[in-house]
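# Descriptive analysis of the structure
Chain by chain, the residues:
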Amino acid sequence: MTVLDHRPTAPVPPWLPGATDPRTDPAPLLPDHTPVRVLGTPELAKHDPELLRDLYRRLVIGRRYNQQATTLTKQGRLAVYPSSTGQEACEVAAATVLRPQDWLFPSYRDTLAVVGRGVDPLAALTLLRGSAHTGYDPVATRTAPLCTPLATQAPHAVGLAHAARLRGEDVIALAMLGDGGTSEGDFHEALNFAAVLNAPVVFLVQNNGYAISVPLTKQSAAPSLAHKAVGYGLPGRLVDGNDVVAVHEVLSEAFDRARNGGGPTLVEALTYRLDAHTNADDATRYRVSAEVEAWREHDPVTLMERHLREAGVLDDALVARAAEQAEALAATMRAEFHAEPQLDPHSLFQHVYAEPTPQLREQADQLAAELAAEAGA
Amino acid sequence: MSTVTTEPSVRTSTMAQALNAALRDEMRADPTVHLLGEDVGTLGGVFRITDGLAAEFGADRCLDTPLAEAGILGTAVGMAMYGLRPVVEMQFDAFAYPAMEQLVSHVAKMRNRTAGKLALPITVRIPYGGGIGGVEHHSDSSESYYASTPGLHVVTPATVDDAYGLLRASIASDDPVIFLEPKRLYWSKAELNTAAATEPIGRAVLRRQGGSAVLITYGPSLPVCLEAAEAAKAEGWDLAVLDLRSLVPFDDATVAQVVRSVGRAVVVHESTGFGGVGAEIAARVTERCFHHLAAPVLRVTGFDIPFPPPMLEHHHLPGVDRILDAVAKLQWED
């Protein structure tokens, strides 16, 4: 028995002698016809009110975090911030569905998921502040570094999930990507490897409509991004990415499937980036305001608040408490990032190799001499 | 399976068999060592370097992967993040390029970008170089791409002993290693003593003593240089031959010591010359040994052309005559 012995085989036509490739019925793999949603449906009543309140609280804090981080870029305190404003439902749902032993493989826009997963909110911004590449311990937090080269973290998630499965350990890897990333070869290779290896991995694609300025219509001609799963032999799911309860539900189902040996799932969440790509981008050059305003009407935070109030699981006191927590976090962010970071130029030569090469030792000495000369001048 | 102990052996072995023995012995010694690549399982690899390993260790530890090099290396990154020690086989030098982004952006940088919290002990085995009559895309010498990427070690054996010892050292290393296998030496034979073949990464070795000049080389060009040194005796030159074995880290100390003692040096490699490893070596030698040099450091390399068709490759590959022509230009009249 090897990890490859999972695939169901169906009869091959008798006029194709020797055809041995496994065939599966594509129908069960096809994505949902319409995006799954829970808010505004009777399904909402089936969800634990405590979970709903927690998701709401996380959305409010997440929105404030995005706003504060963007403000910090304008003050020169962060080098850049790719905001997930408008996409908080996906970020929050992803963070909430992860168990302590699971691993998260975030893209550069997923700081919020990293924070929601338990990483220190200030350490999570280290890359974007520019003081170091990664501010947290990936092994201790089971959170890979924020990944900038698009989709390259997806095969890592597959390999890690595969390794955990080989060791018989119940660990699921969640890879987060955007719509642009689905055009990258690594995304496709990751889906293929995941399906072939039956790896316990979940791919969450946040389709926010644009890869910087390029709209989805120029990115893909597929019926949906979730359909890309089918060709590789894994199921695709389609969900309203601004409905945090729906994203949580669909991801939970994908996690259950992975945990039970069912293999990988691709989830496409339909959402919208209310802010520009980053603080350095001007979204008015490629989006009309009517489109942005239409999505503001479907804002994940206000949507959740309205429906939870209607369902009677949220009141003014809870709303006020969430806002207080969000403001407290924003104040901490301001305090931290208005202080100058501690930088050590000597650290440049650390951690290139386990042991510095003789050449790196020489170069470290050179820099040290330069610094000493500067200090003495 | 992993309880099998490895008895040291002494026997005549090809380089291919020595590499196979190194993989087997590392897999026996360390259950976290996993092989993955195209055709490495049932077939044992197109060069049979992984022959018999799937049978001994099972298909999960010697994994036939889908045919996608970025996916293979990216999967290996994830496996290494979870504590495994992957050994990836790239089928041919020029087939490894799809994995370049994974290699450059993740494998080489992960330790650095995580401040040492996450190391990737991955070995990437790549058969490289020409001389076996391979058609287009089967004979590249890609070492300069790897050697100019900080975070990678780049190792290439030229002897049977080193093939065994350096591959074991590479797998045991906590840093990623590009292990370049000179494919035209796969069938070279020598006595392999597995107990004695324990060479650490990073040390050049003098393969031949000589007082006139030194040929600095590595991998597939070593036998050519030894042959040239033998032929040079007729011209009255007593050539030393230095085998670098490791391009990164580079053994500046040994190289400088040998060059200073003889005063003349020629760098020989198959790869193209412009921006190649030889240019770096010539520059380093000049910087460190200038006052000991009787002549400029010369290079004998492949031409700056795409690797030629197999029926023309002998014009491209550095041979004995071209090496001796370079030696003749080392300003002997002085």
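Worth saying up front: this structure is predicted, and the values here are computed from it rather than measured. (Residues numbered from 1 in each chain as written. Chains lettered and ligands numbered in written order. Predicted model: local features only at pLDDT ≥ 70, side-chain atom pairs only at ≥ 80, totals over all residues. Heavy atoms only, no water.)

## Remarks on the overall build of chain B
For the record, the criterion: Where helices and strands are cited, they refer to DSSP runs of H or I of at least four residues and of E of at least two residues respectively, numbered from the N terminus. In this treatment the radius of gyration is a C-alpha quantity, and the globule benchmark scales as 2.2 Å times the residue count to the 0.38 power. Partly exposed describes any residue whose relative accessible area lies between the buried limit of under 20% and the exposed limit of over 50%, with all areas from a 1.4 Å probe on protein chains only and scaled to the type maximum. Whether two residues touch is decided by their heavy atoms; if any such pair falls within 4.5 Å, the residues are in contact. Per-residue and other accessible areas follow the Shrake-Rupley method at a 1.4 Å probe size, with only the shown protein chains counted as cover for residues.
Looking only at helices and strands, chain B features 12 helices and 14 strands. Computed over its C-alpha atoms, the radius of gyration of chain B comes to 20 Å, within 12% of the 20 Å expected for a compact globule of 334 residues. The C-alpha extent of chain B, read off along each of the three principal axes, is 65 × 45 × 40 Å. Within chain B, the fraction of its 334 residues that count as buried is 63%. Within chain B, counting contacts between residues at least 6 apart in sequence, those at least 24 apart form 82% of the total. Summing over all exposed atoms, chain B offers an accessible surface of approximately 12,200 Å²; the carbon and sulfur share of this is 54%.

## Quick word on empty space enclosed by the protein
Stated formally: Cavity means a closed set of points on a 1 Å grid over the protein atoms alone, one where a 1.4 Å probe fits but cannot get out, pocket means an open set with protein on both sides within 12 Å along at least 5 of 7 lines, and lining means a residue has an atom within 4 Å of a point. Grid points are joined across faces, edges and corners, and a volume is the space filled by probe spheres set on the points. Amino acids outside the nonpolar list (Ala, Val, Leu, Ile, Met, Phe, Trp, Tyr, Cys, Pro) and the charged list (Asp, Glu, Lys, Arg) are all regarded as polar, and Gly is one of them.
Tallied over the entire structure, the rule returns four cavities of 30 Å³ or more. Surrounding the largest cavity, Leu73(B), Met90(B), Ala96(B), Ala99(B), Met100(B), Leu103(B), Val124(B), Ile126(B) and Tyr146(B) form its lining. As for the second largest cavity, its lining consists of Phe105(A), Ala144(A), Pro145(A), Cys147(A), Gln153(A), His156(A), His106(B), Met110(B) and Arg113(B). When grouped by side-chain class, the residues that make up the lining of the second largest cavity number five nonpolar, three polar and one charged.

## Here we look at the domain arrangement of chain A
The criterion, for reference: The split into domains, and so the bounds of each, comes from an automatic or database assignment of domains.
Domain annotation for chain A reports domain 1 (27-343) and domain 2 (344-377). Put simply, the middle of domain 1 of chain A and the middle of domain 2 of chain A, counted by C-alpha atoms, are 39 Å apart.

## Considerations on the pairing of strand 2 (residues 33-37) of chain B
Residue and element names in this part refer to chain B. Put simply, the rule reads: We call two strands paired when DSSP finds no fewer than two bridges between them.
The buried fraction of strand 2 amounts to five of the five residues, a majority that puts the element mostly inside the structure. Because side chains alternate across strand 2, one face comprises the buried residues Val33, Leu35 and Gly37, and the other comprises His34 and Leu36, equally buried. Pairing geometry for strand 2 and strand 4 (residues 85-89), over five bridges, is parallel. Each residue of the ladder has a partner; that of Leu35, found in strand 4, is Val87. The pairing of strand 2 with strand 3 (residues 62-64) spans three bridges and is parallel. By the bridge assignment, Leu36 is partnered in strand 3 with Leu63.

## Digging into the sheet that holds strand 12 (residues 246-248) of chain B
All names here are of chain B. So the rule is basically this: All axes are obtained by fitting lines to C-alpha atoms, using only the stretch in contact for helices, and the reported angles, taken between N-to-C directions, cover 0 to 180 degrees.
A sheet is described by the order of its strands in space; here seven strands give the open sequence 3-2-4-5-7-6-12, paired in mixed fashion. Across the chains shown, the open sheet's two edge strands, defined by having one partner strand only, are strand 3 and strand 12. Averaged over all pairs of adjacent strands, the angle between strand axes in this sheet comes to 20°, irrespective of strand direction. When strand 4 meets strand 5 (residues 123-128), the two strands line up parallel, connected through three bridges. The residue of strand 5 that forms the bridge with Val87 is Thr123.

## What about the interface of chain A and chain B?
Rules: Joining two parts hides part of their accessible area as seen by a 1.4 Å probe, and the buried area is that hidden amount summed over both. Criterion for a salt bridge: a side-chain nitrogen of Lys or Arg within 4 Å of a carboxyl oxygen of Asp or Glu. For this analysis, a polar contact is any N or O atom pair within 3.5 Å, provided that within protein one partner can donate a hydrogen and the other can accept it, and provided that sequence-adjacent residues contribute only side-chain to side-chain pairs.
Chain A puts 47 residues into the contact, and the matching count from chain B is 46 residues. Taking both sides of the interface into account, the surface hidden between chain A and chain B amounts to around 3,600 Å²; carbon and sulfur atoms contribute 63%. It is His156(A), Phe193(A) and Tyr353(A) in chain A that bury the most area against chain B; as a group they hold 18% of the surface buried on that side. Counting every contact that joins chain A to chain B gives one salt bridge. Note that Arg288(B) is salt-bridged to Glu362(A), the shortest N-O span being 2.9 Å. One can count 19 residue pairs in polar contact (both at pLDDT 80 or more) joining chain A with chain B.

## Quick look at helix 8 (residues 222-232) of chain B
Residues and elements named next belong to chain B. Which entries qualify depends on this criterion: Note that the arc is computed from the directions linking the helix axis to the C-beta atoms.
Those residues of helix 8 lying buried are Leu222, Val224, Cys225, Ala228, Ala229 and Ala232. For helix 8, the buried positions fall inside an angular range of 155° around the axis, keeping them on one side. Considering only its buried residues, helix 8 is in contact with strand 9 (205-208), strand 10 (213-217), strand 11 (239-243), strand 13 (265-272) and helix 12 (320-328).

## Describing helix 6 (residues 154-166) of chain A
Filter applied, for reference: By this rule, a helix spans an expected 1.5 Å times one less than how many residues it contains.
Along its 13 residues, helix 6 of chain A runs 19 Å from first to last C-alpha, staying within 8% of the 18 Å computed at 1.5 Å per residue. Three or more residues of helix 6 of chain A are buried, namely Ala154(A), Pro155(A), His156(A), Ala157(A), Val158(A), Gly159(A), Leu160(A), Ala161(A), His162(A), Ala163(A) and Ala164(A).

## Describing the sheet that holds strand 9 of chain B
All names here are of chain B. Within the open sheet, the five strands sit side by side as 9-11-10-13-14. Their pairing is mixed. Of all the strands in the sheet, just strand 9 and strand 14 (298-302) have a single pairing partner and so form its edges. Ignoring which end each strand starts from, the neighbouring axes of this sheet average 25° apart. Of the strands in this sheet, strand 9, strand 10, strand 11 and strand 13 are in contact with helix 9 (residues 252-262), which crosses strand 10 at around 155°.

## A few points about the pairing of strand 14 of chain B
All names here are of chain B. Our working definition: If the strands point away from the viewer and the path from the first strand over the helix to the second runs clockwise, then the crossover is right-handed.
Two elements, strand 13 and strand 14, share four bridges in a ladder whose sense is parallel. Within strand 14, the position partnered with Val268 by the bridge is Val300. Each parallel crossover has a hand, and the one from strand 13 via helix 10 (residues 277-289) to strand 14 is right-handed.

## Overview of the packing of aromatic side chains
Let me state the cut-off plainly: Working definition: a ring pair exists when centres of Phe, Tyr or Trp rings (six-membered ring for Trp) sit within 6.5 Å. Plane angles under 30 degrees give stacked, over 60 give edge-to-face, the rest tilted. For a Lys NZ or an Arg CZ to count as sitting over a ring, it must be within 6 Å of the ring centre and within 35 degrees of the ring normal.
On inspection of all chains with the given rule, the structure shows 11 aromatic pairs over all chains. On the numbers, 5.6 Å between centres and 45° between planes, the contact of Tyr210(A) with Tyr286(A) is tilted. In this pair, Tyr210(A) sits in strand 4 (residues 210-211) while Tyr286(A) sits in the loop between strand 7 (265-270) and helix 10 (289-296), placing the two residues 76 residues apart along the sequence. On the accessibility criterion, Tyr210(A) (10% relative accessible area) is buried. For the ring pair Tyr186(B) and Trp187(B), a centre distance of 6.0 Å and an interplane angle of 85° mean the geometry is edge-to-face. Given the relative accessible area of 1%, Tyr186(B) is considered buried. Pairwise contacts between aromatic rings join Phe47(B), Phe92(B), Phe95(B), Tyr186(B) and Trp187(B) into one cluster. Looking at Arg264(B), its charged tip hangs above the ring of Trp332(B), at a distance of 4.1 Å from the centre.

## Looking at the domain arrangement of chain B
All names here are of chain B. Domains assigned within chain B are domain 1 (10-193) and domain 2 (205-328). Here domain 1 and domain 2 have C-alpha centroids that lie 26 Å from each other. Between domain 1 and domain 2, the contact holds 27 residues from the first and 22 residues from the second. When the two sides are added together, the surface that domain 1 and domain 2 hide from each other amounts to roughly 1,900 Å², 58% of it contributed by carbon and sulfur. On the domain 1 side of the contact with domain 2, Glu143, Thr156 and Arg184 bury the most area, a combined 24% of that side's loss. Our count for the contact surface shared by domain 1 and domain 2 stands at three salt bridges. Counting across the interface, domain 1 meets domain 2 through 12 residue pairs in polar contact (both at pLDDT 80 or more). Secondary structure elements with two or more residues in the side of domain 1 that touches domain 2: helix 6 (143-147), strand 6 (153-155) and helix 7 (160-172). Each residue belonging to the side of domain 1 that touches domain 2 can be placed in one class, and the counts come to 12 nonpolar, 11 polar and four charged.

## Here we look at the state of the cysteines
As used in these notes, a disulfide is a covalent bond between sulfur atoms, one from each of two cysteines. All names here are of chain B. Convention followed: Cysteine sulfurs are considered disulfide-paired once they come within 2.5 Å of each other.
Counted according to the given criterion, the structure contains zero disulfides over all chains. Here Cys225 stays unpaired: no disulfide links it, and the sulfur of Cys289, its closest cysteine neighbor, is 18 Å away. Overall, Cys225 belongs to the buried group, its relative accessible area being 0%.

## Some points on the nonpolar core
Put simply, the test is: Put simply, buried Ala, Val, Leu, Ile, Met, Phe, Trp, Tyr and Cys residues joined by side-chain atoms within 4.5 Å make one nonpolar core.
Judged by nonpolar contacts, the single largest core of 90 residues is most densely connected at Phe203(A), Leu73(B), Ile122(B) and Ile216(B). Those residues in contact with Leu73(B), other than ones at most four positions away along the chain, are Val88(B), Met90(B), Ala99(B), Gln102(B), Leu103(B), Val107(B), Ile122(B) and Val124(B). If you look at the next biggest cluster of nonpolar residues, it comprises 63 residues, including Leu39(A), Tyr56(A), Ala89(A) and Leu308(A).

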